[in-house]
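# Survey of secondary and tertiary structure
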Amino acid sequence: SFNYSIVEGCQKLKRVVIGSGLTTITTYLFQDLQALEEVVIGENVKTIESYAFDGCTSLTSITIPNSVTAFDEYAFGGCVNLKNITWSSSLTAIGANAFKGCTSLTSVKLPDSVKTIYQYAFSGCSLLDTIVLNEGLTKICYNAFEGTAITELVIPDSVTSITNSGNSFNYSIVEGCQKLKRVVI
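Read on for an overview of the structure.

Calculation criteria
Residues numbered from 1 in each chain as written. Predicted model: local features only at pLDDT ≥ 70, side-chain atom pairs only at ≥ 80, totals over all residues. Heavy atoms only, no water. Helix = DSSP H or I, 4+ residues; strand = E, 2+ residues; numbered from the N terminus. Rg over C-alpha atoms; globule rule 2.2 N^0.38 Å. Buried < 20%, exposed > 50% of the residue type's maximum accessible area, 1.4 Å probe, protein only. Contact = heavy atoms within 4.5 Å. Areas by Shrake-Rupley, 256 points an atom, 1.4 Å probe, with all protein chains shown as cover. Lys, Arg positive; Asp, Glu negative; His and termini not counted. Charge placed at Lys NZ, Arg CZ, Asp CG, Glu CD. Polar contact = N/O pair within 3.5 Å; in protein donor to acceptor, adjacent residues only side chain to side chain.

### A closer look at the overall build of the protein
Per the secondary structure count, the protein includes zero helices and 15 strands. Taken against the 2.2 N^0.38 rule, which gives 16 Å for 185 residues, the C-alpha radius of gyration of the protein at 16 Å falls within 12% of a compact globule. Dimensions of the protein, computed from C-alpha atoms along their principal axes, come out at roughly 45 × 30 × 25 Å. A buried classification covers 48% of the 185 residues belonging to the protein. Across the protein, every contact between residues at least 6 apart in sequence was considered, and the portion connecting residues at least 24 apart equals 29%. Split by element, the accessible area of the protein, about 8,500 Å² in all, is 47% carbon and sulfur. The positive charge centre, built from 12 side chains, and the negative charge centre, built from 16, are 5 Å apart in the protein.

This is the structure in C-alpha cells:
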C-alpha cells in the first residue's frame, strides 16, 4: 500500500503510473491533485479506497483494470471533467458517492460483474443521461442516481433490493431526476 502523504500537495503532478507491485490505492492518495490528467493503474491493483482520486478535476478518463473488484466511497468524486470510464470486468460494487459530482460524465454501461450500487454513487452527475444497468445487479441503494439527466431507467430482473441501507426513512433512487420519463421494472 501507498501512504497518501507521499504525493500530498504535488499540484503539478500530471501523470501517474502505478506498477504491478501495488495491490491497493489507499485512501486520499491522489485527492485534490487538480493537474492530474492521466492515471495508469497496474494490473495487480484490487481495491481503490475512499477518496483516492476525489477532486482530481483534470482527469478526463480512467481505465479500471480487471484486477479491481471494488472501489470505495468518493473514489472518483468531484472529478468534474471525467467523461470516460473503462470498467473492470471483475468489479462487484460501486461505492457510496463513488462518482458523485462527476458533471461531465454522460453515459455509463456497467459491467456484468456489478452486484451492488451504493447510495449516491452517481449523484450530481448532471449530464449523465444514459445508464445501462447489468443483468446480475442485485441491489441499488438510495439516491444512487440523484440529480442525473437520465430519461429512462431499466431495472434488470436480477435486482432484488432497492434499499435505504437500513435507515428508517425512505429515499428514491432517482431523486431530482427531472428528465426521467420512463422506468421499466
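Additional details are given in the paragraphs that follow.
### Quick word on the environment of T23
When you line up the elements, T23 lands in the loop between β1 (15–17) and β2 (24–25). Sequence separation of T23 and T130 is 107 residues, and the distance between their C-alpha atoms is 32 Å. In this structure T23 touches N44, V45, K46 and T47, once residues within four positions along its chain are discounted.

### A look at the environment of G101
With respect to the helices and strands, G101 occurs in the loop between β8 (93–94) and β9 (107–109). Spatially, the C-alpha atoms of G101 and I155 are 23 Å apart, while their sequence positions differ by 54 residues.

### Some points on unusual backbone geometry
Positive phi, close to 60°, is recorded for N97, a residue that is not glycine. Along the polypeptide, N97 turns up in the loop between β8 and β9. Unusually for a residue other than glycine, N143 sits at a positive phi of about 55°.

### Regarding the side chain of S158
Considering the arrangement of structural elements, one finds S158 in the loop between β13 (152–154) and β14 (161–163). A polar contact of 2.7 Å, which involves the side chain of S158, links it to the backbone oxygen of L137. S158 has contacts with N134, E135, G136, L137 and T138, leaving out every residue within four places of it along the chain.

Keep in mind these values describe shape, not function.
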